[in-house]
Amino acid sequence: MAVERTLSIIKPDAVAKNVIGKIYSRFEMNGLKIVAARMTHLSRIEAEGFYAVHKERPFFKDLVDFMISGPVMIQVLEGEGAIAKNRDLMGATDPKKAAPGTIRADFAESIDANAVHGSDAPETAAVEIAYYFPALNIYSR
Ligand SMILES: Nc1ncnc2c1ncn2[C@@H]1O[C@H](COP(=O)(O)OP(=O)(O)OP(=O)(O)O)[C@@H](O)[C@H]1O
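Before going into details, it helps to say that this report is about the structure given with it. As a convention, each chain's residues are numbered from 1 in the sequence order in which they are written. Totals for whole chains, interfaces and linings use all residues, but because this is a predicted model, local features are given only for residues with pLDDT of at least 70 and pairs of side-chain atoms are given and counted only at 80 or more. Side-chain descriptors were evaluated using all non-hydrogen atoms of the structure, hydrogens and water having been removed beforehand.

**Here's the deal with the overall build of the chain**
Line of reasoning, step 1. In terms of helices and strands, the chain carries seven helices and four strands.
Line of reasoning, step 2. Labels follow the DSSP assignment, with helices taken as runs of H or I lasting at least four residues and strands as runs of E lasting at least two, numbered in each case from the N terminus. Reading the chain from its N terminus to its C terminus gives the helix and strand order β-α-α-β-α-α-β-α-α-β-α.
Line of reasoning, step 3. The C-alpha atoms of the chain give 14 Å as radius of gyration, which agrees with the globular expectation for 141 residues (14 Å, within 12%).
Line of reasoning, step 4. Projecting the C-alpha coordinates of the chain onto the three principal axes gives extents of approximately 40 × 35 × 25 Å.
Line of reasoning, step 5. Each residue's exposure class comes from its accessible area (1.4 Å probe, protein chains only) as a fraction of the maximum for that residue type: buried when under 20%, exposed when over 50%, partly exposed otherwise. Expressed as a percentage of the 141 residues in the chain, the buried residues total 48%. Here the globule rule reads 2.2 Å times residues to the power 0.38, and the radius of gyration is calculated from C-alpha atoms.

Now the structure itself:
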């Protein structure tokens, strides 16, 4: 399987719960390396731009309001099959439907406050990584 990179965001609910380290452990224990990371408090413009594909969806305003409600931790994960592996570790979007042992089953409260984001395909991973990290700030390992 090819080595890939994917964009991960630990959302405001999980940052507020103080579980960044626990989530990072899951990445590391499953062969995903953190090759770039940054804590930030997104502006409304940044969050709207990031989720632009969802702008016609009924939940768009709530999603943006939530993403700017507190600091987030944004990272690039690298590893074999990193995109699918991260999605597996995250679990289903709705934590009530997420498999036991996944990040969302263990740390998320609701479909809005669902602890993490992860890119869903190579094309979106490339766009999302470029959105938050200039290439020169990512270290190959
Ligand atoms: N029906 C919904 N009601 C409220 N919020 C929703 C709903 N569907 C999705 N969302 C929110 O919008 C985010 C993006 O939706 P998407 O369908 O891309 O989910 P995802 O791919 O599982 O999650 P993410 O893109 O955050 O990794 C979700 O993580 C969730 O927080």
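After presenting the structure, the write-up continues.
**Notes on the site of the ligand**
Line of reasoning, step 1. Note on terminology: near, applied to a residue and a molecule or strand, indicates that one of the residue's heavy atoms is within 4 Å of it. Taken together, 15 residues sit near the ligand, with Lys11, Thr93, Ile111, Asn114 and His117 positioned nearest.
Line of reasoning, step 2. Under the rule applied, a polar contact is a pair of N or O atoms within 3.5 Å (in protein, one hydrogen donor and one hydrogen acceptor; residues adjacent in sequence only if both atoms are side-chain atoms). Note that an oxygen atom of the ligand is positioned 3.0 Å from one of the side-chain N or O atoms of Lys11.
Line of reasoning, step 3. Here an oxygen atom of the ligand and a side-chain polar atom of Arg104 are 3.4 Å apart.
Line of reasoning, step 4. Burial of the ligand by the protein amounts to 80% of the accessible area it has alone, namely 570 Å². Only the protein chains shown count as covering a residue, and every accessible area follows the Shrake-Rupley method with a 1.4 Å probe.

**Let's talk about helix α5 (residues 82-90)**
Line of reasoning, step 1. The set of residues buried in α5 consists of Ala82, Ile83, Asn86, Leu89 and Met90. The buried side chains of α5 occupy one side of the element, clustering within an arc of 130 degrees when seen end-on.
Line of reasoning, step 2. Any two residues having at least one pair of non-hydrogen atoms within 4.5 Å are treated as being in contact. Against the buried residues of α5 lie β1 (3-10), α2 (20-29), β3 (72-80), α6 (103-107), β4 (116-118) and α7 (122-132). Here, the arc refers to the directions that run from the helix axis to the C-beta atoms.

None of the figures reported here should be taken as evidence of function without further support.
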